[in-house]
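Inside the fold
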Amino acid sequence: MTKSISIYSKVTMIGAGSVANNILPILKESGCEILQVYSRTEESADSLAEKTGAEAVTSFDEINRISDYYIYCLKDDVLKTLFEKHLPFDVGTHLHTSGSVPMNIFEKCGCKSYGVMYPFQTFTKGRKICMNDVPVFIEAVDRKTCAKIGCLADVLTENVYLMPSDKRENLHIAGVMMNNFVNALFCMSEELLKKTKLSIDVLVPILNETIKKAVEIGPRAAQTGPARRGDYSVIEQHMALLENMPECRKVYSVLTDYILNNTTRNNEFQGISE
């Protein structure tokens, strides 16, 4: 199926962060006319507007009333504050890209066509993502709006799914654990590796195998290590070595308890929480 939407689809992007910078150029290339890019900072608005041939605006009052789509790519707190002070208008289809903000945030805003288009991926400023493999989860107030948002999502990826707000919030938590928490563990691991004068590169093979096994046989079956074996002597040794790294020690203790309580054979071992 050819990825295209009507060349007459006019889009206004509200927000100019990493998510907006990844999806808006794709919409532009697919035939959308990008009318405006809004950002509180002129530099951010100008940068993304230049890439997409749009007008840069820094005031919500400057946003046009003629677009087919108004996409809100904003931080959750900013999104909620924006809707409290500047209600979306009843022109076009309005959608946000947040994983944790429910769709009903639009209910009191006066617009009739609204929904969510949530790309399930980690985005970093200046880093381009191949969107074609990214799952995008959509939700809409009615079937007609759902078709419109689905059409927009189809331009970005082949993996589009319907998902209501309550399930999307659980998905978002899972994403935080898998991405943000794992990255925090990387930070702790890097700190430990400094003591051995090794770079974080040495973790790449074990990380790749961890991911591969978890996907192929399931994370519970893939679990290994001293907690999985109930090897208390090794666990106590590790806890002692982490004495001068209290935050890392606490995380080690909590995750070890989780493994002992949830993946150890027959749960025959007790936890180690202090």
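Residues numbered from 1 in each chain as written. Predicted model: local features only at pLDDT ≥ 70, side-chain atom pairs only at ≥ 80, totals over all residues. Heavy atoms only, no water.

**Some points on the nonpolar core**
The condition is simple: The definition of a nonpolar core used throughout is a set of buried Ala, Val, Leu, Ile, Met, Phe, Trp, Tyr and Cys residues joined through side-chain atoms within 4.5 Å. Remark: exposure states derive from per-residue accessible area (1.4 Å probe, protein chains only) relative to the maximum for the residue type, with buried under 20%, exposed over 50%, and partly exposed in between. Under the DSSP-based scheme used, a helix requires at least four consecutive residues in state H or I and a strand at least two consecutive residues in state E, with every element numbered from the N terminus. Every residue pair with non-hydrogen atoms within 4.5 Å of one another is taken to be in contact.
With 32 residues, the main nonpolar core has M13, L27, I71 and M117 as its most contacted residues. Of all elements in the fold, only β1 (10-14), α1 (18-29), β2 (33-38), α2 (42-52), β4 (69-72), β7 (136-140) and α4 (143-156) reach the threshold of two or more residues within this core. Ranked by the residues each element gives to this core, the list is headed by α4, at six residues. Apart from residues no more than four positions distant in its own chain, L27 is found in contact with V11, C32, I34, I71, L152, V155 and L156.

**A short note on the pattern of salt bridges**
The line we're drawing: Put simply, a salt bridge is a Lys or Arg side-chain nitrogen that is within 4 Å of an Asp or Glu carboxyl oxygen.
Across all of its chains, the model carries four salt bridges by this definition. For D231, the salt bridge goes to R229, with nearest N and O atoms at 4.0 Å. Classification of D231 as partly exposed rests on a relative accessible area of 25%. Between R249 and E243 there is a salt bridge; the shortest N-O distance is 3.6 Å.

**Here's the deal with the state of the cysteines**
Let me state the cut-off plainly: Counting rule for disulfides: a pair of cysteine sulfur atoms within 2.5 Å.
Counted under the stated rule, the structure contains zero disulfides. In this structure C32 is a free cysteine whose sulfur lies 8.3 Å from that of C151, the closest cysteine sulfur available.

**Description of the packing of aromatic side chains**
Operational definition: Any Phe, Tyr or Trp ring, taking Trp's six-membered ring, that has another such ring centre within 6.5 Å forms a pair; planes under 30 degrees apart are called stacked, those over 60 apart edge-to-face, and the others tilted.
Under the defined criterion, the tally for this structure stands at six aromatic pairs. Measuring from centroid to centroid gives 6.1 Å for Y72 and F106, while their planes differ by 65°, and the two rings are edge-to-face. With a gap of 34 residues between them, Y72 in strand β4 and F106 in the loop between β5 (93-96) and β6 (114-119) connect regions that are remote in the sequence. When sorted by exposure, Y72 lands in the same class as F106, which is buried. Taken together, a centroid distance of 5.4 Å and an interplanar angle of 25° make the contact between F106 and Y114 stacked.

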